[in-house]
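# Remarks on the overall topology
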Amino acid sequence: MTNHPALPAEVIRAFHLMWDKFPGPVTLVHRSRLVMAANPVAVSLDREPGVKCSQLPPASAHAGCLGNKTLDEGRAQLKLAVTPEYQRMVYWVPIEGYPEYFLHFSTALSDQA
């Protein structure tokens, strides 16, 4: 059972066309945090369609989530995430025409993954 409308198949196909070769994890997420689509890197990290990204460990990684802000304001959000292991720019990007969905991904700012 879901409490969200299904995305048209062409939206899922477009996601994979654009993001399957991206070198980092990318997910297409509903406001409920249900992952609707994921590129191969995301799937390798257990961010598979049908799971709630907010329930994936570590819990601390979700403390600064800007998903709701992205959807409420209808514009992309970004922030710098720094740990002893890496520096990454993290993005939440709304999907035009689908106000309850956003892309979520990050890019490395160093040689570390």
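For the structure itself, look to the data block above.
Bear in mind the structure is a predicted one, so any value in this text is a computation, not a measurement.

Calculation criteria
- Residues numbered from 1 in each chain as written.
- Predicted model: local features only at pLDDT ≥ 70, side-chain atom pairs only at ≥ 80, totals over all residues.
- Heavy atoms only, no water.
- Helix = DSSP H or I, 4+ residues; strand = E, 2+ residues; numbered from the N terminus.
- Buried < 20%, exposed > 50% of the residue type's maximum accessible area, 1.4 Å probe, protein only.
- Contact = heavy atoms within 4.5 Å.
- Areas by Shrake-Rupley, 256 points an atom, 1.4 Å probe, with all protein chains shown as cover.
- Pairing = 2+ DSSP bridges.
- Axes fitted to C-alpha atoms, helices over the stretch in contact; angles between N-to-C directions.
- Core = buried A, V, L, I, M, F, W, Y, C linked by side-chain atoms within 4.5 Å.

## Comments concerning the overall build of the protein
Tallying secondary structure elements over the protein gives three helices and five strands in all. Listed N to C, the secondary structure of the protein is α-β-β-α-α-β-β-β in terms of helices and strands. Across the 113 residues that make up the protein, the buried fraction comes to 35%. Across the protein, every contact between residues at least 6 apart in sequence was considered, and the portion connecting residues at least 24 apart equals 36%. With an accessible surface of roughly 7000 Å², the protein has 58% of that area assigned to carbon and sulfur atoms.

## Examining the pairing of strand E3 (residues 77-82)
Summarising the sheet, E3 and strand E4 (residues 87-95) pair through six bridges and their orientation is antiparallel. The residue of E4 that forms the bridge with Lys-79 is Val-90.

## A look at the sheet that holds E3
As summarised here, the arrangement of the five strands in space is E2-E1-E5-E4-E3, forming an open sheet in which the pairing is antiparallel. Each edge of the open sheet carries a strand with a single partner, namely strand E2 (35-38) and E3. If you compare each strand with its neighbour and ignore which way they point, the axes differ by 20 degrees on average. Where strand E1 (residues 26-30) meets strand E5 (residues 98-108), five bridges bridge the pair, whose relative direction is antiparallel. Bridging across to E5, Leu-28 finds its partner in Leu-103.

## Details of the nonpolar core
Residues Phe-15, Leu-28 and Leu-103 are the most contacted members of the largest nonpolar core, which totals 13 residues. Apart from the residues within four sequence positions on either side, Phe-15 is in contact with Asp-20, Val-26, Thr-27, Leu-28, Ala-37, Ala-38, Asn-39 and Leu-103. Counting residues in each nonpolar core, the second largest holds 11 residues, with Val-35, Ala-42, Leu-71 and Ala-81 among its members.

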